[in-house]
Amino acid sequence: MNTAAIQTSWSKKSEGYWTRVFRAFRRNRSAMGGLAIVGVMGLVALGAPFIAGDVPVWVRKDNRTYWFPNLIIYRELAADNLYANFDRWEPGPYDAVIWPLLRMGPLRQNLEERLEAPSVRHWFGTDDRGRDVFSRVVWGARVSMSVGFISVGIAVAIGTVLGALAGYYGRWVDTVVLRLIEIWICVPSFFLVITVMAFLEPGIDKIMIVIGLTGWPAAARLVRGEMLKQREMDYAMAARASGLPDWRVMFRHLLPNAVGPVFVTATFGVAGAILTESALSFLGFGVPPPTASWGEILKQSQFYVDFAWWLVLFPGLAVFITVVGFNLVGDGLRDAMDPRLQGGDSR
């Protein structure tokens, strides 16, 4: 073996685990495409006030400059009333203003323009109350992405703690956690979410909590299995022999090496949470109107599906593209973390 081959082999072995995972993920074109989709949808959600809205981005009025009043929409700063409420505000002849890309708020109604087809003024058409569908799809991305990430964060936090306790201590702790997982899995999560939401007032915070509380078993099973393996490693035995407390051994040393597969489950979980939120809004158990939501737009479409095709197409495409993006990222992470699929990099 020549010197170059020896150096290449040594460099591969000296690389960290996450470096190899990132390199394998980066070579997966479909995964990178999914990551691009997720990134674009995330930017749309974060930049919704700058993409579509009826509140200006910058205003020069009465010799005073107002920066980003669109970020404090529908409220005033009580300290010195510095910012006026610019909702539906019209500039005067001596005012200077910069508007969002599309000057059309998600809540602005105009019954004279109801159920209009896509046009230059309304890019995605209007709904049954004359509200701009493009603006509502853009702002609906905020609802879907926030529900997806926060609910999965709750589920992963609960599952990680329970799985770590079960895998580290074993015995009766493991038995209790396993029984909880088995009972929870036996109940259809979607119907459980509908049942719980039927007794609660609609709200995005409640949707996040309920979806999070019903999605933890998958993360708990993965963390438990990894902890069972990691606790028998030499470094774990050395940590316990050094007299460190259990919580430090568990969360400082073992858990960072056991949460890798959870990222894959979390990615798929975000896609599932977005679908669940859309389905709940479609059935009337989700985000209360008039808040913009992809599922709420689809709910309207059932009454006008025979001619108002844009009410089905655009929010449906938003849900489909976002879910596909997260699934592609999840598939890429799963393949990148599997050494059997990394070819020569795993040797």
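For the structure, check the block above.
Residues numbered from 1 in each chain as written. Predicted model: local features only at pLDDT ≥ 70, side-chain atom pairs only at ≥ 80, totals over all residues. Heavy atoms only, no water.

Trainee: Help me understand the overall build of the protein, please; the structure alone is not making it clear to me.
Mentor: Along the protein, the regular secondary structure elements total 14 helices and three strands. Per-residue burial for the protein yields a buried fraction of 42% across its 347 residues. Carbon and sulfur atoms provide 64% of the accessible area of the protein, an area that totals close to 18,500 Å². (Helix = DSSP H or I, 4+ residues; strand = E, 2+ residues; numbered from the N terminus. Buried < 20%, exposed > 50% of the residue type's maximum accessible area, 1.4 Å probe, protein only. Areas by Shrake-Rupley, 256 points an atom, 1.4 Å probe, with all protein chains shown as cover.)

Trainee: Which parts of the structure should I look at to understand the layout of surface pockets?
Mentor: A water-sized probe, rolled over the atoms, reveals where empty space remains. Of the voids in this model, the largest pocket is the one considered here, and its volume is about 490 Å³. Lining the largest pocket are 27 residues, with I211, T214, G215, W216 and G269 sitting closest to its centre. In terms of residue count, the dominant contributor to the lining of the largest pocket is helix α12 (residues 260–283) (seven residues). (1 Å grid on protein atoms, 1.4 Å probe; cavity = no way out; pocket = protein on both sides within 12 Å on 5 of 7 lines; lining within 4 Å. Points joined across faces, edges and corners; volume = space filled by probe spheres on them.)

Trainee: What am I meant to see in the pattern of salt bridges here?
Mentor: Oppositely charged side chains are able to pair whenever their charged atoms sit close together. Per the stated rule, a full pass over the model turns up 11 salt bridges. For D127, the salt bridge goes to R131, with nearest N and O atoms at 2.8 Å. In this pair, the class of D127 matches that of R131, namely buried. One salt bridge connects R334 with D335, and the closest N-O pair in it is separated by 4.0 Å. The partly exposed category is assigned to R334, whose relative accessible area is 44%. Residues joined in a network through salt bridges with shared partners are D127, R131, R136 and E296. (Salt bridge = Lys/Arg side-chain N within 4 Å of Asp/Glu carboxyl O.)

Trainee: It is not clear to me how the packing of helix α13 (residues 294–301) against helix α14 (residues 310–337) should be interpreted in this structure. Could you clarify?
Mentor: Working note: a packed helix pair is described by the angle between its axes plus the distance between those axes. Running from amino to carboxyl end, α13 crosses α14 at an angle of 145°, the nearest separation of the two axes being 9 Å. Once α13 is placed against α14, the crossing between them reads as left-handed. When α13 is examined against α14, the residues W294, I297, L298 and S301 are found in contact with a partner set consisting of L311, V312, P315, G316, A318, V319 and T322. Looking at the contact of α13 with α14 residue by residue, the classes come out as eight nonpolar, three polar and no charged. (Axes fitted to C-alpha atoms, helices over the stretch in contact; angles between N-to-C directions. Left-handed = near helix turned anticlockwise from the far one by under 90°. Contact = heavy atoms within 4.5 Å. Nonpolar A, V, L, I, M, F, W, Y, C, P; charged D, E, K, R; others polar.)

Trainee: What's the story with the sheet that holds strand β2 (residues 64–67) in this structure? I'm lost.
Mentor: The strands making up a sheet are joined through hydrogen bonds of the backbone, oriented either antiparallel or parallel. Pairing is antiparallel across the open sheet formed by three strands, whose spatial order is β2-β1-β3. A strand with exactly one partner marks an edge of an open sheet, and here the two such strands are β2 and β3 (96–98). On average, each strand axis in the sheet is tilted by 10° relative to the strand beside it, whichever way the strands run. In this sheet, β2 lies alongside strand β1 (residues 58–61) in antiparallel orientation, the contact comprising four bridges. Looking at the pairing, K61 lines up with R64 of β2. (Pairing = 2+ DSSP bridges.)

Trainee: Looking at this structure, I do not really get the packing of aromatic side chains. What am I missing?
Mentor: Here a ring pair, both rings aromatic, is described through the centre-centre distance and the interplanar angle of the planes. If you walk through the whole model with that rule in mind, you get 14 aromatic pairs. Seen from their ring centres, W67 and F68 are 6.1 Å apart, and the 55° between their planes marks the pair as tilted. Overall, F68 belongs to the partly exposed group, its relative accessible area being 38%. Taking 5.0 Å as the distance between ring centres and 80° as the angle between the ring planes, the aromatic pair formed by F124 and F134 counts as edge-to-face. Of this pair, F124 sits in the loop between β3 and α5 (133–169) while F134 sits in helix α5, placing them 10 residues apart in sequence. In textbook terms, an aromatic cluster arises when at least three aromatic residues are bridged by ring pairs, as seen for W123, F124, F134, W309, W310 and F314. Sitting above the plane of the W99 ring, R103 keeps its charged end 3.7 Å from the centroid. (Phe/Tyr/Trp six-rings, centres within 6.5 Å; stacked < 30°, edge-to-face > 60°. Lys NZ or Arg CZ within 6 Å of the ring centre and 35° of its normal.)

Trainee: How do you make sense of the packing of helix α7 (residues 189–198) against α12 when you look at a structure like this?
Mentor: At a minimum axis distance of 11 Å, the contact between α7 and α12 shows a crossing angle of 45°. In terms of axis orientation, α7 runs oblique to α12. The crossing of α7 and α12 is right-handed. Here F190, V193 and I194 of α7 lie close against α12, whose contacting residues are T276, A279, L280 and L283. (Parallel < 35°, antiparallel > 145°, perpendicular 65-115°, else oblique.)

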